[in-house]
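Per-entry structural report
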Amino acid sequence: MAGKRYIALLRGINVGRAKRVPMADLCKLVASLGFGDVRSVLNSGNVVFSGAPATPAAAAAAIEEQLVLRLGVASRVTVLASDELAQLIDENPLVGVATDPSRLLAFVLADPGLRSLLEPLCGQPWAPGALALGRRAAYVWCPDGVLDSAAAAAVGKLLGDKTTSRNWATLSKLHALCRETGPQL
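Presented here is an overview of the structure given in this document. Keep in mind that this is a model prediction, so the values were computed, not measured. (Residues numbered from 1 in each chain as written. Predicted model: local features only at pLDDT ≥ 70, side-chain atom pairs only at ≥ 80, totals over all residues. Heavy atoms only, no water.)

To continue, consider the overall build of the protein. Across its full length, the protein carries six helices and eight strands. For the protein, the N- to C-terminal ordering of α and β elements is β-α-β-β-α-β-α-β-α-β-β-α-β-α. In terms of C-alpha radius of gyration, the protein reaches 16 Å, essentially the compact-globule figure of 16 Å for 185 residues. By sequence separation, contacts in the protein at least 24 residues apart represent 71% of the contacts at least 6 residues apart. A total accessible area of about 8700 Å² is found for the protein, and carbon and sulfur atoms account for 56% of it. Treating the 19 positive side-chain charges of the protein as one cloud and the 15 negative ones as another, the clouds have centres 4 Å apart. (Helix = DSSP H or I, 4+ residues; strand = E, 2+ residues; numbered from the N terminus. Rg over C-alpha atoms; globule rule 2.2 N^0.38 Å. Contact = heavy atoms within 4.5 Å. Areas by Shrake-Rupley, 256 points an atom, 1.4 Å probe, with all protein chains shown as cover. Lys, Arg positive; Asp, Glu negative; His and termini not counted. Charge placed at Lys NZ, Arg CZ, Asp CG, Glu CD.)

As structure tokens, this is what we get:
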């Protein structure tokens with residue numbers, strides 16, 4: 001199916017033992033909603049697809065609903081258009097600071113208006129880590145590890161399920177996948 005490329009980010013899927021969803025089932029679910037060229041990245045709870053949804057928010061709502069109805073799993077879903085993901089990638093000011101892409105996080109905002117809630121965090125000292133804001137994400141460098149990052153904890157506590165985070169390695173794979181067609185990664 002031709003159309004614009006989108007990325008669905010499912011919050012809390014396949015982390016630990018809770019909310020286990022086989023990626024083949026997730027891809028089938030998204031395809032059943034009328035989207036094409038549906039592909040996932042490993043077992044990550046991320047899906048890239050093509051189509052023409054009314055809005056990314058409408059696609060997210062449809063995926064959330066079908067996750068519960070078909071797979072019995074409740075998860076917040078954020079959908080970005082491929083150009084939104086490209087912008088998120090391009091505007092990260094911490095890329096030059098971070099030395100390990102698995103410890104550089106982007107907290108993707110379900111609603112860009114939530115950015116204003118995070119602005120007070122930018123003035124705080126997070127060394128040796130760092131926190132920066134983009135239009136659609138909060139970027140957090142966690143050199144001592146994600147679990148030991150005070151900045152990541154602060155963003156997560158402030159936004160709860162209104163955000164979902166991905167490390168830079170995963171976002172880079174999703175960005176590349178948006179430009180490809182073919183078998184799953």
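Right, picking up where we left off after that structure.
This part is about the state of the cysteines. A full pass over the atoms with the stated rule returns zero disulfides. For cysteine 178, which is in no disulfide, the shortest distance to another cysteine sulfur is to cysteine 27 and amounts to 13 Å. For cysteine 178, a relative accessible area of 10% translates into the label buried. (Disulfide = S-S within 2.5 Å. Buried < 20%, exposed > 50% of the residue type's maximum accessible area, 1.4 Å probe, protein only.)

This next bit is on unusual backbone geometry. Of the consecutive residues alanine 127 and proline 128, the connecting peptide bond is found in the cis state with omega at 10°. One non-glycine residue, aspartate 37, adopts positive backbone phi at about 45°. With respect to the secondary-structure elements, aspartate 37 resides in strand E2 (residues 36–40).

So, about the packing of aromatic side chains. Summed over the entire model, instances satisfying the criterion amount to three aromatic pairs. Aromatic pair phenylalanine 35 and phenylalanine 49: ring centres 4.5 Å apart, planes at 45°, arrangement tilted. Taken together, the residues span a long stretch of sequence, with phenylalanine 35 in the loop between helix H1 (23–32) and E2 and phenylalanine 49 in strand E3 (residues 46–51) at a distance of 14 residues. For the pair shown, phenylalanine 35 and phenylalanine 49 are each scored as buried. A ring pair is formed by tyrosine 139 and tryptophan 168, whose centres lie 6.3 Å apart and whose planes are at 70°; its orientation type is edge-to-face. Of this pair, tyrosine 139 sits in strand E7 (residues 137–141) while tryptophan 168 sits in helix H6 (residues 168–177), and the two are 29 residues apart along the sequence. The class of tyrosine 139 is buried, set by a relative accessible area of 0%. Site record: aromatic cluster; members linked through ring pairs are Tyr6, Phe35 and Phe49. (Phe/Tyr/Trp six-rings, centres within 6.5 Å; stacked < 30°, edge-to-face > 60°.)

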